[in-house]
Structure formats: structure tokens, C-alpha cells
Amino acid sequence: TAKQAVWWFIRDPSDLKEKEQQALEAIRQASPTADTVYELAQDFMHMLRHREGQRLDVWLDLVRASHIPELQRFARSIQRDKDAVLAGLTLQESNGVVEGKINKLKLIKRMMYGRAEFPLLRQRVLHAL
């Protein structure tokens, strides 16, 4: 399906099963555009996995040269918040754990909405499993 194909494009090729690799190769051979999208997606994922933010400008230039509207929209959104994207692609620090804790707190708060006040919310957060 189309959803599976999208995942094949961004996953590490070594993580794909043989059948998935064959299907991906058939897609790439059937369409030069699909092949270009695959190469650009894999290059971006490589930058992401290996924190190679210094290559971002080169990648953005390649996307612009590709003339693929969907990728160009993605590149424009990256360009709008380039400093944050560059930090995410280069720095080791991450606020992912903090974001997860905030998400959990919001979930508990929404589940309790209108039923109790702050003291109970505090207890549920402090003693959550």
C-alpha cells in the first residue's frame, strides 16, 4: 500500500525484509521521480541519524533542484525554522524526555478534568506508574 511505501522510503535499507526491498526497488525502477524522492529521503534520514547538520544547505539545494513540489514544500518549512532544525541535526541535547513528561501530565489532567482539584492531580503525577 501507499503507507507502507512511505515507510520503506525513510527506513534504513538494512531494516527492510527481502520482499520489502524488492517492492521498493520495483517502485524506484518504475519512476525516476520516485527514485529521486527515495535518494533525497534517505540522504535526509542519514543526516538525522548521524547528526550531520552541516550538510543541510547542500541537501536543501538538491531538493530545490529536484522540482518535486512536495519536497520543496518540506524544504521551505525547514528553511522557515532553519536554526531549530540545524540544532536538532547537530546537537546531542534533546528535550524529548521533557516533552514526554509534559504529554503524560496533560493526559492525566485531561482524564481528571472537572472531577478533582490540584492536590489529587499532584498525587496522581507524583505516584503515577
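Reference entry: report on the structure contained in this document. (Residues numbered from 1 in each chain as written. Predicted model: local features only at pLDDT ≥ 70, side-chain atom pairs only at ≥ 80, totals over all residues. Heavy atoms only, no water.)

1. A look at the pattern of salt bridges
In step 1: Applying the stated rule across the entire model yields 7 salt bridges.
In step 2: Note that arginine 28 is salt-bridged to aspartate 35, the shortest N-O span being 2.7 Å.
In step 3: Residue class for arginine 28 comes out buried when judged on its relative accessible area of 17%.
In step 4: Connected through shared salt-bridge partners, Arg28, Asp35 and Glu39 make up one network. (Salt bridge = Lys/Arg side-chain N within 4 Å of Asp/Glu carboxyl O. Buried < 20%, exposed > 50% of the residue type's maximum accessible area, 1.4 Å probe, protein only.)

2. What about the nonpolar core?
In step 1: Among the nonpolar cores identified, the biggest contains 13 residues, and Phe44, Leu56, Trp59, Leu60, Val63 and Ile78 are the most heavily contacted of them.
In step 2: Broken down by secondary-structure element, the contributors of at least two residues to this core are helix H3 (32-50), helix H4 (56-66) and helix H5 (69-80).
In step 3: Setting aside its immediate chain neighbours within four residues, leucine 60 contacts Ala75, Ile78, Gln79 and Lys82. (Core = buried A, V, L, I, M, F, W, Y, C linked by side-chain atoms within 4.5 Å. Helix = DSSP H or I, 4+ residues; strand = E, 2+ residues; numbered from the N terminus. Contact = heavy atoms within 4.5 Å.)

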